[in-house]
Amino acid sequence: MNKDIVILGSTGSIGTQSLEVAKMHGLNVRALTAYKNIELLVQQAKEFKPEYICIFDESLYTDLKKELFGLNINILTGMEGLCYISSLENVLVINSVVGMVGLLPTISAINAGNDVALANKETLVTGGEIVMKLAFEKNTKIIPIDSEHSAIFQCLMGNNDSEVSKIILTASGGPFYGYSKEMLKNVTKAQALKHPNWQMGAKITIDSATLMNKALELIEAVWLFNISFNQVEVVVHRQSIIHSAVEFLDGSIIAQLGTADMRTPIQFALTYPDRLPCLSKKLSLTEVGSLTFEKPDEKTFIALSLARKAIELGSNAPTILNSANEEAVSLFLQDKIPFYKISEFVAMAMNKIEVSKEINLDIILETERNTREFVRSLI
Ligand code: MN
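Along each chain, the written sequence defines residue order, and numbers are assigned to residues from 1. In keeping with the model being predicted, local features are shown solely for residues with a pLDDT of at least 70 and side-chain atom pairs are shown and tallied solely at 80 or more, while totals for entire chains, interfaces and linings include all residues. Derived side-chain values reflect all non-hydrogen atoms in the structure, with water molecules and hydrogen atoms excluded from consideration.

(A) Main features of the domain arrangement of the protein. Per the domain assignment, the segments of the protein are domain 1 (4-144), domain 2 (149-259 + 274-306) and domain 3 (314-379). Distance between the C-alpha centres of domain 2 and domain 3: 23 Å. Residue-level contacts link 19 residues of domain 2 with 16 residues of domain 3. Surface buried jointly by domain 2 and domain 3 totals about 1600 Å² across both partners, of which 79% is contributed by carbon and sulfur atoms. For this document, the term salt bridge refers to a Lys or Arg side-chain nitrogen within 4 Å of an Asp or Glu carboxyl oxygen. At the junction of domain 2 and domain 3, the tally comes to one salt bridge. Note that Lys-189 is salt-bridged to Asp-335, the shortest N-O span being 3.4 Å. Note on conventions: DSSP H or I runs of at least 4 residues are helices, E runs of at least 2 residues are strands, and numbering of each starts at the N terminus. Mapped onto the side of domain 2 that touches domain 3, the elements with two or more residues apiece are α9 (189-192), α10 (202-210) and α11 (212-224). It is α10 that contributes the most residues to the side of domain 2 that touches domain 3, six residues altogether. Amino acid classes used here: Ala, Val, Leu, Ile, Met, Phe, Trp, Tyr, Cys and Pro are nonpolar; Asp, Glu, Lys and Arg are charged; the rest, including Gly, are polar. In terms of residue class, the side of domain 2 that touches domain 3 is made up of 13 nonpolar, two polar and four charged. Each domain's limits were defined by an automated method or a database of domain assignments. The contact rule is simple, with two residues in contact once any of their heavy atoms fall within 4.5 Å. Once two parts are brought into contact, the accessible area they lose, counted with a 1.4 Å probe and summed over both, makes up the buried area.

Spelled out as structure tokens, the structure:
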């Protein structure tokens with residue numbers, strides 16, 4: 001690893017852990033960005049001394065400028081700033097922003113010939129077709145940070161893609177594992193924000209509770225690994241020890257195991273193809289004892305079947321799914337709708353918003369606007 005790194009979304013859960021990894025291995029950080037957490041961003045800027053800083057919320061520019069006075073750091077704002085940073089020469093772009101706001105910076109990075117360490121699954125859910133084609137044309141790598149996809153990526157190393165028969169995508173089941181539809185009507189925000197195994201940001205934690213996170217990961221896997229959605233099996237594995245697995249034509253299954261600590265997949269994406277000592281705790285199989293596997297309850301948690309429908313329809317259908325979910329989760333986090341309405345709103349948006357015949361970036365962005373507007377009109 002001799003490339004400099006830039007981190008989009010450096011104040012979030014993946015961003016802060018990426019900086020821990022960067023610090024441990026002495027990686028040079030050229031740029032950091034945040035949505036609006038300037039307090040932490042300033043602290044990170046003072047420690048890592050990047051060349052560029054970007055604040056997405058432009059109204060915070062003056063405050064940030066004051067805080068960074070005399071530090072010789074270029075301050076950028078908004079989407080333009082994110083895209084500029086992504087296209088700096090010869091950097092590894094760690095994309096860990098939340099939501100499909102990550103799409104344009106990913107495209108910028110690839111157009112500049114930069115590899116992307118991708119934690120932002122919404123990029124591939126909404127723009128998978130465009131992004132993967134572009135990455136192929138520009139000969140750049142998309143290295144997944146999402147723990148399941150990092151696992152699959154690792155299981156595929158040294159194997160032939162054409163010999164894969166199935167991807168086994170593991171799911172913890174989230175905080176409402178075993179709940180009935182009735183029980184989901186009364187769950188609270190605090191309960192939904194409490195994931196059993198992983199410490200993550202609010203959006204992804206809610207997605208884990210609805211199983212939408214797994215649904216988005218299914219679509220992410222289809223694009224990343226060029227496989228049919230029918231060849232992705234979701235398996236509930238409560239312990240989150242097997243991070244995912246690949247079944248080959250001969251029936252052999254290769255899995256990747258480890259403790260539930262994102263620093264492992266983050267570091268692998270940053271140091272790929274090298275493996276170095278890592279800050280995460282090592283796994284003791286005898287301490288774990290036993291592992292369990294079950295089919296997900298897709299009748300109660302409808303997100304998975306919605307995702308299969310979306311990927312089968314193709315075009316902008318996954319964008320409808322994703323945008324409706326982003327908007328509904330945001331409404332839930334603002335206490336405007338109850339938990340069970342999140343998946344309901346996504347299903348309604350998928351019935352309502354038209355699936356386009358073709359796909360391009362403008363259609364994706366327009367679909368996002370229309371879908372969000374429709375979901376807001378439901379309350
Ligand atoms: Mn994941």
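Moving on, there is more to tell.
(B) A look at helix α6 (residues 121-138). To estimate the expected span of a helix, subtract one from its residue number and multiply by 1.5 Å. Here α6 is 18 residues long, yet its end C-alpha atoms lie only 20 Å apart, well below the 26 Å a rise of 1.5 Å per residue gives. By the largest-angle criterion, Gly-127 marks the main kink of α6, which is about 100°. Residue burial is assigned from relative accessible area. The probe radius is 1.4 Å, only protein chains are included, and a residue is buried under 20% of its type maximum, exposed over 50%, and partly exposed in between. Buried within α6 are the following residues: Lys-121, Glu-122, Thr-123, Leu-124, Val-125, Thr-126, Gly-127, Gly-128, Val-131, Leu-134 and Ala-135. Bend at a given residue is defined as the angle between two axes, one fitted to the seven residues that end at that position and one fitted to the seven that begin there.

(C) Spotlight on the side chain of Gln-17. As for its placement among the helices and strands, Gln-17 is situated in helix α1 (residues 13-24). Classification of Gln-17 by relative accessible area gives buried; the value is 13%. The residues touching Gln-17, leaving out its near neighbours within four places in the chain, are Asp-261, Met-262, Arg-263 and Ile-266.

(D) Representation of the pattern of salt bridges. Summed over all chains, the structure comprises 21 salt bridges. Among the salt bridges present, the one from Glu-217 reaches Lys-214, with a minimum N-O distance of 2.6 Å. A residue pair is termed a helical-turn pair when its members lie 3 or 4 positions apart in one helix, as Glu-217 and Lys-214 do in helix α11 at three residues. The exposure classification of Glu-217 matches that of Lys-214, with both residues buried. The closest approach of N and O atoms between Arg-263 and Asp-261, which form a salt bridge, is 2.8 Å. Grouping residues by exposure puts Arg-263 and Asp-261 together as buried.

(E) Structural view of unusual backbone geometry. Look at the link from Tyr-272 to Pro-273: it is a cis peptide, with omega at 5°. Looking at the element boundaries, Pro-273 is found in the loop between α12 (263-271) and α13 (285-288). The phi dihedral of Asn-90 falls on the positive side, at around 55°, and the residue is not glycine. By the secondary structure assignment, Asn-90 is in the loop between α4 (78-86) and β5 (91-95). Of note, the phi angle at Ser-240 is positive, near 50°, even though the residue is not glycine. The residue Ser-240 is located in the loop between β9 (232-236) and β10 (242-248) in this model. Residue class for Ser-240 comes out buried when judged on its relative accessible area of 6%.

(F) Examining the side chain of Ser-172 more closely. Residue position: Ser-172 is located in the loop between β8 (164-171) and α8 (181-184). Take Ser-172: its relative accessible area is 11%, and that puts it in the buried class. Separated by 3.0 Å, the side chain of Ser-172 and the backbone nitrogen of Gly-174 make a polar contact. With near-sequence residues (within four places) excluded, Ser-172 lies in contact with His-195, Asn-197, Val-236, His-237, Arg-238 and Ser-240. Polar contacts, as counted here, are pairs of nitrogen or oxygen atoms within 3.5 Å of one another; within protein the pair requires one atom able to donate a hydrogen and one able to accept it, and residues that are adjacent in sequence qualify only if both atoms are side-chain atoms.

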